[in-house]
Amino acid sequence: MAAKQFGPIGIIDIGSNSVRFVAYGGIARVPSVLFNEKVMAALGRGLARDGMLDEQAMELTLRSLARFRQLGREMGLKKLHTVATAAVRDASNGPAFLKRIAALGLKPRLLPGQEEAELSGLGVISAIPQARGVVADLGGGSLELIGVARGAAGEGVSLPLGSLRVGSAPDKAVIVGALKAGLKQSRLRSAARDQGLYLVGGSFRALALLDMKTSGHPLPIVHNHRIAAGRLSDLRAILGTLAIEELGMLTGISSSRIPTLPAAATILEAMIETLGPKRIVVSAFGLREGLLYRDLTEDVRHQDPLLAAAVEVGEQLGRFGDHGAAIDQWMDPIFPDESAEMQRLRLAACLLGDIAWNAHPDFRAERAVDMAIHGNWVGIDAHGRAVLGRGLSAAFGGDSGFDPRLAALLKPGESDRVLSWGRALRLAQRLSGGTEALLRRTEIALEPGRVVLMIPAKYRELYAGAVERRLQQLAKSLGRIGEPRFT
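Residues numbered from 1 in each chain as written. Predicted model: local features only at pLDDT ≥ 70, side-chain atom pairs only at ≥ 80, totals over all residues. Heavy atoms only, no water.

Details of the overall build of the protein chain
- Within the protein chain, the secondary structure is distributed over 23 helices and 13 strands.
- A globule of 487 residues ought to have a C-alpha radius of gyration of about 23 Å, and the protein chain, at 25 Å, matches this closely.
- In terms of its C-alpha atoms, the protein chain occupies a principal-axis envelope of roughly 85 × 50 × 45 Å.
- Considering the protein chain as a whole, with its 487 residues, one finds that 54% of them fall into the buried category.
- The contacts in the protein chain between residues at least 6 apart in sequence include a share of 70% that link residues at least 24 apart.
- Carbon and sulfur atoms provide 51% of the accessible area of the protein chain, an area that totals close to 20700 Å².
- Where the 60 positive side-chain charges of the protein chain centre and where its 50 negative ones centre are 1 Å apart. (Helix = DSSP H or I, 4+ residues; strand = E, 2+ residues; numbered from the N terminus. Rg over C-alpha atoms; globule rule 2.2 N^0.38 Å. Buried < 20%, exposed > 50% of the residue type's maximum accessible area, 1.4 Å probe, protein only. Contact = heavy atoms within 4.5 Å. Areas by Shrake-Rupley, 256 points an atom, 1.4 Å probe, with all protein chains shown as cover. Lys, Arg positive; Asp, Glu negative; His and termini not counted. Charge placed at Lys NZ, Arg CZ, Asp CG, Glu CD.)

Here we look at helix 15 (residues 305-317)
- Relative to the 18 Å expected for 13 residues at 1.5 Å per residue, helix 15 spans 18 Å between its end C-alpha atoms, a close match to the ideal helical length.
- In terms of burial, helix 15 is largely enclosed, as 10 of its 13 residues are buried.
- Where the residues of helix 15 are buried, they touch strand 2 (19-26), strand 3 (31-39), helix 5 (113-127), helix 17 (340-351) and helix 18 (364-374).
- Between the side-chain oxygen of the N-cap and the backbone nitrogen of Leu306 there are 2.9 Å, and the N-cap of helix 15 in question is Asp304. (Expected span 1.5 Å × (residues − 1). Polar contact = N/O pair within 3.5 Å; in protein donor to acceptor, adjacent residues only side chain to side chain.)

Remarks on the UniProt feature "domain: Exopolyphosphatase C-terminal" (unreviewed entry) in the protein chain
- UniProt annotation of "domain: Exopolyphosphatase C-terminal" (unreviewed entry) refers to residues 329-480 when read in the numbering used here.
- Between the end C-alpha atoms of residues 329-480 there is a gap of 21 Å, over a span that is 53% helix and 7% strand. (UniProt positions renumbered as here; feature names shortened; annotations may be inferred.)

Some thoughts on the pairing of strand 6 (residues 133-138)
- The buried count for strand 6 comes to six of six residues, which makes it a mostly enclosed element.
- The hairpin formed by strand 6 and strand 7 (residues 143-149) contains four residues between the paired strands.
- With five bridges connecting them, strand 6 and strand 9 (residues 196-200) associate as parallel partners. Directly across from Gly133, in strand 9, lies its bridge partner Gly196. (Pairing = 2+ DSSP bridges.)

Description of helix 5
- Here helix 5 spans 22 Å end to end across 15 residues, near enough to the 21 Å set by a 1.5 Å rise per residue.
- Buried residues dominate helix 5, accounting for 13 of its 15 residues.

Notes on empty space enclosed by the protein
- The full count for this structure, using the stated rule, is three cavities of 30 Å³ or more.
- Taken together, 28 residues make up the lining of the largest cavity; nearest its centre are Asp13, Asp137, Leu138, Gly201 and Arg288.
- At the level of secondary structure, the elements contributing two or more residues to the lining of the largest cavity comprise strand 6, helix 9 (202-215) and helix 13 (287-294). (1 Å grid on protein atoms, 1.4 Å probe; cavity = no way out; pocket = protein on both sides within 12 Å on 5 of 7 lines; lining within 4 Å. Points joined across faces, edges and corners; volume = space filled by probe spheres on them.)

Quick look at unusual backbone geometry
- Here the phi dihedral of Arg150 falls at roughly 50 degrees; this positive angle occurs in a residue that is not glycine.
- As for its placement among the helices and strands, Arg150 is situated in the loop between strand 7 and strand 8 (152-159).
- We note that Asn224 has phi near 70 degrees; this positive angle belongs to a residue other than glycine.
- Its location among the elements puts Asn224 in the loop between helix 9 and helix 10 (232-241).

Focus on the nonpolar core
- Membership of the largest hydrophobic core comes to 84 residues, with the highest contact counts inside it found for Tyr198, Trp330, Met331, Leu352 and Leu453.
- Ranked by size, the runner-up nonpolar core spans 43 residues in total, among them Val157, Ile175, Met212 and Ile280. (Core = buried A, V, L, I, M, F, W, Y, C linked by side-chain atoms within 4.5 Å.)

A word on the side chain of Arg279
- Take Arg279: it is sitting in strand 10 (residues 279-282).
- The charged side chain of Arg279 is buried without a salt bridge, its nearest counter-charge being Asp194 at 8.6 Å.
- With residues near it in sequence (within four places) discarded, Arg279 still touches Arg132, Gln195, Gly196, Leu197, Tyr198 and Arg226. (Salt bridge = Lys/Arg side-chain N within 4 Å of Asp/Glu carboxyl O.)

Concerning the sheet that holds strand 10
- Strand order in the open sheet made by the five strands is 8-7-6-9-10, with mixed pairing throughout. Lying at the two open borders of the sheet, with one neighbouring strand each, are strand 8 and strand 10. Adjacent strand axes in the sheet meet at a mean angle of 20 degrees when their direction is disregarded.
- Sheet strands touched by helix 12 (residues 261-275): strand 6, strand 7, strand 9 and strand 10. Its angle to strand 9, the strand with the most contacts, is close to 160 degrees. (Axes fitted to C-alpha atoms, helices over the stretch in contact; angles between N-to-C directions.)

Comments concerning the pattern of salt bridges
- The tally for this structure, following the rule as stated, stands at 29 salt bridges.
- Linking Asp50 and Arg49 is a salt bridge whose minimum nitrogen-to-oxygen distance equals 3.8 Å.
- Judged by its relative accessible area of 56%, Arg49 falls in the exposed class.
- Close ionic contact of Arg100 with Glu59 constitutes a salt bridge, the shortest N to O distance being 2.7 Å. Here the residue Arg100 occupies a position in helix 4 (residues 94-102), and Glu59 occupies one in helix 2 (residues 55-75), the gap between them amounting to 41 residues.
- Residue classification places Glu59 among the partly exposed positions, given a relative accessible area of 31%.

What to know about the sheet that holds strand 1 (residues 9-14)
- The five strands are arranged 3-2-1-4-5 in an open sheet whose pairing can be described as mixed. Two strands lie at the open edges of the sheet, namely strand 3 and strand 5 (108-110), each paired on one side alone. Taking each pair of neighbouring strands and ignoring which way they run, the sheet shows an average axis angle of 20 degrees.
- Here strand 4 (residues 79-84) runs beside strand 5; their pairing, made up of three bridges, is parallel. Looking at the pairing, Thr82 lines up with Pro108 of strand 5.
- Strand contacts of helix 13: strand 1, strand 2, strand 3, strand 4 and strand 5, with the helix running at about 140 degrees to strand 1, the strand carrying the most contacts.

Topic: the packing of aromatic side chains
- Counted according to the given criterion, the structure contains three aromatic pairs.
- Ring geometry for Phe21 against Phe35: centres 5.8 Å apart, planes inclined by 50 degrees, an arrangement best described as tilted. Of this pair, Phe21 sits in strand 2 while Phe35 sits in strand 3; the two residues are 14 residues apart in sequence, bridging distant segments of the chain.
- On the accessibility criterion, Phe21 (0% relative accessible area) is buried.
- On the accessibility criterion, Phe35 (24% relative accessible area) is partly exposed. (Phe/Tyr/Trp six-rings, centres within 6.5 Å; stacked < 30°, edge-to-face > 60°.)

Some remarks on the environment of Asn17
- Within the secondary structure, Asn17 is located in the loop between strand 1 and strand 2.
- For the pair Asn17 and Arg257, spaced 240 residues apart in the sequence, the C-alpha separation amounts to 9.2 Å.
- In this structure, Asn17 is in contact with Val39, Met40, Ala41, Ala42, Gly140, Leu164, Arg257 and Thr260, ignoring residues within four places of it in sequence.

Written out as structure tokens, the structure is:
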């Protein structure tokens, strides 16, 4: 069944470091970004100096907001959220600035610290439903911390430890002290101990990209990337050695973001020391996505974000509509004893199993792999992307052309198994011609030394040369021989 479409919905996020306008469309569970523009206004840079919003930063912000409002009108947005966070909340001239924003025709809402933390937590949950531990959202003016577990966000706090506030050369001991004092009446320290620390915010994402680019990671997509605690000293050394221009060329991080990285690294080190997490995970989703997720009904919230997106993309790019779930069910008997996570990834591969059909035949496998590896998916990590890429490569005939750097992300034995998924998918599509009703009249099964394809006798003519070749290719990948059986 097709997912319900929504939007377009816009969000203007007036942060301490940046002001951003994002328009979303697509499906409610995993919105697609239709438009995204950011202005590094640095509203919060004056807070540490005199407790006020910087006048030049306010003027730049107001000009940007006027543009964003006009763009939203032209886009025909159904709803436009305008939210302001720590810098405006804490500044003595914040209320006056909100009136100037309202004069532009916008309806700004000042988020309390607890709500800002809650929305960041919900944003992480929407992208990583199994998240358990503490979400840390680092902005220019504040650090929000909130506990997450079992699909819900719990207790949260907002601390004045933003990247602009602590300065470019912060003292870790001072930050550790501020964290301990701010969390003294909170259960967040126990919530994080030996669990996950989920990082939200542009500075943390940039830090993750620096980690990936300088460690030779084969897939520099920051969402769900894990930063090893031991890497922070290396990253600090890199930041202290290379000039801003060199760092920008090496990593692609914007020159306006690079100056916040030393503070982000120090704050992260202080959190690791204070909270004692087992793993450190970066999330591409945060406050804005949390706003959208909070408005969803419970049944939509409970949808798997990877599978919901795969259904949408499969329907848009495939020839045969929502046919992938039937293929997955058809091939299930020949892949017994797979873990729940591998079954989930196999279903995603089947839902995406026809996405490259309209490319040139010589490049279909390449296009399918690119979609799997670089698609804007959530609810999946680098390993999962590699699994999808390997399976779809085989589904489009690219058995031997899979990038060995990506194959290194697979676990032992997975490459052969996932190649077999692709060959089974390839057989199902050739056998049925993409018709679900015909596929359901056939069955496939494992027997000792054999992969048996059962076809009703009245459909015997379906078993032609192309089908026979694909059956034997599948059977060979499973260490067996293929046998047709007409029932």
